[in-house]
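# Residue-level structure breakdown
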Amino acid sequence: MKSLFRVAGGIVHLSPVLSAVRNARVADPETATVSEPRDVLIREGRITEVAPAGTAGTEDDTLDAGGRTVLPGLIDAHVHVTASTADLATLGDTSPFLVAAQAQRLLNGMLARGFTTVRDAAGADHGIAEAVRRDLFVGPRLFFGGKALSQTGGHGDVRGPGTQVLDQHVCCPHLGIVCDGVSEVRRAARDQLRTGADHIKIMLSGGVASPTDRIDSTQFSDDEVRAIVEEAEAADRYVLGHAYTARAVDRGLRLGVRSIEHGNLIDSGSVALFREHDAFLVPTLVTYDRLKAEGARHGLPVASQLKIDQVLAGGLDALRLATEGGVNVVFGTDLLGEMQSHQSAEFRIRAQVVSSADVLRSATTTAARLLRAEGELGVVAPGAHADLVVVDGDPLDDVTVLADPAHALHTVVKGGRPVVDDAGLVRTG
């Protein structure tokens, strides 16, 4: 097995399934420990044993980690795999075939950066998820929710103030659909769940990328939110809610929303509610950093550019407050278009205010709990998917090494199959 990993600029593929990763120092994010060299034994894409070094043979279907750190595959719980531009209003006018082709490239890049699982927070549908399952698209495992639900004039309503028509045909690749009233939101939630959605996304407050709402607004009535939560729970699924202010976040938590996206402006009362409901917070700090620096270049409208500063400054304070308060904090990025190449920079940003172990747990074990995939994702343990990242350095000591995947990642393995580039190599030296 070749021991080089080169992903920058190439198209990545999956090679045949391994029987073992040898000589691996296995990281346990939950206990923040790294083992002495071990052999990770694999059968049919799952880990069967983490055995003493020397247990595995040296056959061609094994990979020698060379004493490097081996992490569970990373999880990004807030991506938009169909958001090929920051101008979301134009996305619905794009050919769905082009959107799918661009999604394949974006998924490819995420996997190459070590993210073996992602949760799409609006846009991806059952077709893209099926393409990944069949390896028609080579990318991370994909948890999808279909289109986000928005009220008229809410964060998912991309119309400007002078526009009346909104084409909501299923083939139009908008990230959201507009629905009003209890009957409409129930039908919209049921329709997404009908397609096999893993979750339902709703807009609880205004946002940066929407043209006509305010960041500090609240959206949907209590009865509408309760109806959506009821439909998700009836299908044994859950609701994630876009929200910034403490007022919007707290309201969502009280009404049964399980996962809050962003939460840049939460307060100590919000922290208490997160704990009371065992809910999850998914900050997405890198997207504001990148929107501020290059959003205009990638199509972010002027009205949206003016909103960025309202949420940018509060993000790190919210992350610190939530982590110190014992909230379930999960890794997310929310990048749009070409800015998605900055996905790994989220590690560096978070490390400014919380420990490396906390950051790594947010992208592994805590994220797996959010996805209801404990024991299958986010760990290197018997029974788990053989999703592994072989790393130079120790991210538990310094998680910022993961912010530079081109140099830090030695090999990425998904389902026991190493990721290789179009030259058949597994690293750039």
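Everything here concerns the structure above.
Everything in this summary refers to the structure shown in the same document.

Cut-off values and rules
Residues numbered from 1 in each chain as written. Predicted model: local features only at pLDDT ≥ 70, side-chain atom pairs only at ≥ 80, totals over all residues. Heavy atoms only, no water. Helix = DSSP H or I, 4+ residues; strand = E, 2+ residues; numbered from the N terminus. Contact = heavy atoms within 4.5 Å. Buried < 20%, exposed > 50% of the residue type's maximum accessible area, 1.4 Å probe, protein only. Lys, Arg positive; Asp, Glu negative; His and termini not counted. Salt bridge = Lys/Arg side-chain N within 4 Å of Asp/Glu carboxyl O. Polar contact = N/O pair within 3.5 Å; in protein donor to acceptor, adjacent residues only side chain to side chain. Axes fitted to C-alpha atoms, helices over the stretch in contact; angles between N-to-C directions. Parallel < 35°, antiparallel > 145°, perpendicular 65-115°, else oblique. Left-handed = near helix turned anticlockwise from the far one by under 90°. Pairing = 2+ DSSP bridges. Core = buried A, V, L, I, M, F, W, Y, C linked by side-chain atoms within 4.5 Å. Phe/Tyr/Trp six-rings, centres within 6.5 Å; stacked < 30°, edge-to-face > 60°.

## Details of the overall build of the protein chain
- Along the protein chain, the regular secondary structure elements total 15 helices and 19 strands.
- For the protein chain, the share of sequence-separated contacts (at least 6 apart) that also reach a separation of at least 24 residues comes to 71%.

## Some details on the side chain of D39
- With respect to the helices and strands, the residue D39 is situated in strand β3 (residues 33–43).
- Summary of buried charges: D39 has no salt-bridge partner, and the nearest side chain of opposite charge, R22, is 6.4 Å away.
- A polar contact is formed between the side chain of D39 and the backbone nitrogen of A56, at a distance of 2.9 Å.
- Those residues in contact with D39 that lie beyond four places of it in its chain are V21, R22, N23, E49, V50, A51, P52, A53, G54, T55 and A56.

## Describing the packing of helix α4 (residues 182–194) against helix α5 (residues 222–234)
- Put simply, α4 and α5 touch, their axes get as near as 9 Å, and they point 25° apart. Taken together, α4 and α5 sit at an angle that is classed as roughly parallel. Crossing hand, α4 versus α5: right-handed. Of the residues in α5, those touching α4 at V182, V185, R186, A189, R190 and L193 are D223, E224, A227, I228, E230, E231 and A232.

## Re the sheet that holds strand β7 (residues 74–79)
- With respect to topology, three strands assemble into an open sheet ordered β7-β8-β9, the strand pairing being parallel. Only two strands of the sheet have a single neighbouring strand rather than two, namely β7 and β9 (141–143). Strand-to-strand twist in this sheet, taken as the mean axis angle between neighbours without regard to direction, amounts to 20°.
- Alignment of strand β8 (residues 115–120) against β9, held across three bridges, turns out to be parallel. Note that in β9 the partner of R119 across the bridge is F143.

## Comments concerning the pairing of β3
- With six bridges joining them, strand β2 (residues 20–28) and β3 adopt antiparallel strand pairing. Bridging across to β3, A27 finds its partner in V34.
- Of the strand pairs in this sheet, β3 and strand β4 (residues 46–52) are connected by six bridges, and their pairing is antiparallel. Across the sheet, the residue bridging to L41 is E49, located in β4.
- Between β3 and β4, which pair antiparallel one after the other, the connecting turn spans two residues, and E44 there sits at a positive phi close to 50°.

## A few points about the nonpolar core
- The biggest cluster of nonpolar side chains holds 99 residues, and the ones touching the most others in it are L149, I202, I228, I260, F347 and L402.
- With six residues, helix α2 (residues 96–112) is the single largest residue contributor to this core.
- Excluding anything up to four places from it in sequence, I260 contacts L204, G241, A243, V249, L253, F274, F280, L281 and V282.
- Listed in part, the 16 residues of the second largest apolar core include V21, V40, A65 and V390.

## Concerning the packing of helix α6 (residues 246–254) against helix α7 (residues 268–277)
- The geometry of α6 relative to α7 is characterised by a closest axis approach of 10 Å and an angle of 20° between their N-to-C directions. Comparing their axes, α7 and α6 come out roughly parallel. For the element pair α6 and α7, the recorded crossing hand is left-handed. Between α6 and α7, the contacting residues are A246, V249, D250, L253 and R254 on the first element and G269, S270, L273, F274 and H277 on the second.

## Here we look at the packing of aromatic side chains
- Applying the stated criterion to the full structure yields four aromatic pairs.
- Ring geometry for F115 and F331: centres 5.6 Å apart, planes at 35°, overall tilted. Of this pair, F115 sits in strand β8 while F331 sits in the loop between β16 (328–329) and α12 (345–350), placing them 216 residues apart in sequence. For the pair F115 and F331, one class covers both residues: buried.
- Taken together, a centroid distance of 6.1 Å and an interplanar angle of 20° make the contact between F115 and F347 stacked. With F115 in strand β8 and F347 in helix α12, this pair connects stretches of sequence that are 232 residues apart. Side by side, F115 and F347 carry an identical accessibility label, which is buried.

## Considerations on the side chain of R119
- Tracing the sequence through the fold places R119 in strand β8.
- Using a relative accessible area of 0% as the deciding quantity, one classes R119 as buried.
- Side-chain polar atoms of R119 contact the backbone oxygen of A77, separated by 2.7 Å.
- Looking at R119, its side chain comes within polar contact range of the side chain of E261, at 2.9 Å.

## Concerning the pattern of salt bridges
- Going through the model one piece at a time under the given rule, you end up with 19 salt bridges.
- The residue R46 makes a salt bridge to E376 at a minimum N-O spacing of 3.2 Å. Separated by 330 residues along the polypeptide, R46 in strand β4 and E376 in the loop between α14 (365–370) and β17 (388–391) bring together distant segments of the chain.
- R46 gets classed as partly exposed once you look at its relative accessible area, which sits at 30%.
- Linking D387 and R141 is a salt bridge whose minimum nitrogen-to-oxygen distance equals 2.7 Å. Note that D387 is positioned in the loop between α14 and β17 and R141 in strand β9, a separation of 246 residues in sequence.
- Overall, the relative accessible area of 3% leaves D387 in the buried class.
- One network of salt bridges, in which partners are shared, links R186, R190, E230 and E231.

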